[in-house]
Amino acid sequence: MAVSKHLMERFVEFINTASETLAEELVSPEAIFHIPGRPAPMVGPAGYLQIIAMMRSGFPDIQWTLEETITEGDDVAARFTMRGTHQGNFFGVPPTGMAIVVQAMNFYRWSDGKIVAERGQPDLLGLLQQIGAAPM
């Protein structure tokens, strides 16, 4: 069964609000999340909330916009734009007050209306360049 547009819209609401209720609704307790810079995956709703908290620690106003999806059965490829203001430490870079606009490609696997796996690939180089931590 194909993943509905409604589920992805609910997921975007979840990542933009960090709602624990939506985390429990949309993320399987056994879900595995592979993220750049971490050797071990994060697990379950609490793991995904930690990922959001990591981003919000550097960019408290961060918001994700879902730009495009390609769905095949229970698998979804999604392109996002992340927008926020660098107001906290991020990857060791002190706050700069600079605004970011960064693309991300994420790949999801859903089962029974819940995410069971994700691999995220944000443009970390572009992000670090936008906050002055890497040369252009």
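Look up: the structure comes first, before these words.
Here is what the cut-offs are and how they apply
- Residues numbered from 1 in each chain as written.
- Predicted model: local features only at pLDDT ≥ 70, side-chain atom pairs only at ≥ 80, totals over all residues.
- Heavy atoms only, no water.
- Helix = DSSP H or I, 4+ residues; strand = E, 2+ residues; numbered from the N terminus.
- Expected span 1.5 Å × (residues − 1).
- Pairing = 2+ DSSP bridges.
- Contact = heavy atoms within 4.5 Å.
- Axes fitted to C-alpha atoms, helices over the stretch in contact; angles between N-to-C directions.
- Buried < 20%, exposed > 50% of the residue type's maximum accessible area, 1.4 Å probe, protein only.
- Core = buried A, V, L, I, M, F, W, Y, C linked by side-chain atoms within 4.5 Å.
- 1 Å grid on protein atoms, 1.4 Å probe; cavity = no way out; pocket = protein on both sides within 12 Å on 5 of 7 lines; lining within 4 Å.
- Points joined across faces, edges and corners; volume = space filled by probe spheres on them.
- Nonpolar A, V, L, I, M, F, W, Y, C, P; charged D, E, K, R; others polar.

(A) How the structure looks around helix α1 (residues 5–17). With 13 residues, α1 extends 19 Å from end C-alpha to end C-alpha; this agrees with the ideal 18 Å at 1.5 Å per step. One or two steps after α1, the chain reaches Ala18, where phi turns positive at roughly 55°.

(B) Summary view of the sheet that holds strand β1 (residues 27–34). An order of β2-β1-β6-β5-β4-β3 is seen for the six strands of this open sheet, with the pairing classed as mixed. The outermost strands of the open sheet, each flanked by one partner alone, are β2 (42–43) and β3 (63–72). Note: β1 against β2, two bridges, orientation antiparallel. By the bridge assignment for β2, Phe33 is matched with Met42. The strands touched by α1 are β1, β3, β4 (75–85), β5 (99–111) and β6 (114–122); relative to β3, the strand with the most contacts, the crossing angle is about 150°. Contacts from helix α3 (residues 44–58) reach β1, β2, β3, β4, β5 and β6, with the element oriented near 50° to β1.

(C) Fine view of unusual backbone geometry. Phi angles above zero are rare outside glycine, and Ala18 is one such case at about 55°. Inspection of the secondary structure assignment puts Ala18 in the loop between α1 and α2 (20–26). Phi angles above zero are rare outside glycine, and Phe91 is one such case at about 50°. Following the sequence through the fold, Phe91 ends up in the loop between β4 and β5.

(D) Spatial organisation of the pairing of β5. Residue alternation in β5 divides its side chains into a buried set, Ile100, Val102, Ala104, Asn106, Tyr108 and Trp110, and an unburied set, Ala99, Val101, Gln103, Met105, Phe107, Arg109 and Ser111. Sheet analysis places β4 next to β5, joined by eleven bridges and oriented antiparallel. Counterpart to Thr81 in the pairing with β5 is Gln103. Following β5, the chain reverses through two residues before pairing antiparallel with β6; Asp112 in that reversal takes a positive phi of roughly 50°.

(E) Here's a closer look at the environment of Ala78. The topology assignment puts Ala78 in strand β4. For Ala78, a relative accessible area of 0% translates into the label buried. Ala78 sits 45 residues away from Asp123 along the chain, and the two C-alpha atoms are 14 Å apart. Excluding residues that lie within four positions of it along the chain, Ala78 makes contacts with Met8, Leu66, Glu68, Thr69, Ala104, Met105, Asn106 and Tyr108.

(F) Looking closely at the nonpolar core. Counting residues in hydrophobic clusters, the biggest one holds 37 residues, and the most contacted among them are Phe11, Phe14, Tyr48, Phe80, Tyr108, Trp110 and Leu127. Those elements that place two or more of their residues in this core are α1, α2, β1, α3, β4 and β5. No other element matches α1, which puts six residues into this core. In this structure Phe14 touches Ser19, Leu22, Ala23, Leu26, Val27, Tyr48, Leu49 and Ile52, once residues within four positions along its chain are discounted.

(G) Geometry of empty space enclosed by the protein. Taken as a whole and judged by the stated rule, the model has one cavity of 30 Å³ or more. As a volume, the largest cavity reaches approximately 290 Å³. As for the largest cavity, its lining consists of 21 residues, and the residues nearest its centre are Ile35, Ile51, Met55, Met82 and Pro122. Secondary-structure elements contributing two or more residues to the lining of the largest cavity are α3, β4, β5 and β6. Counting residues per element, the lining of the largest cavity draws most heavily on α3, at five residues. Per-class residue counts for the lining of the largest cavity are 17 nonpolar, three polar and one charged.

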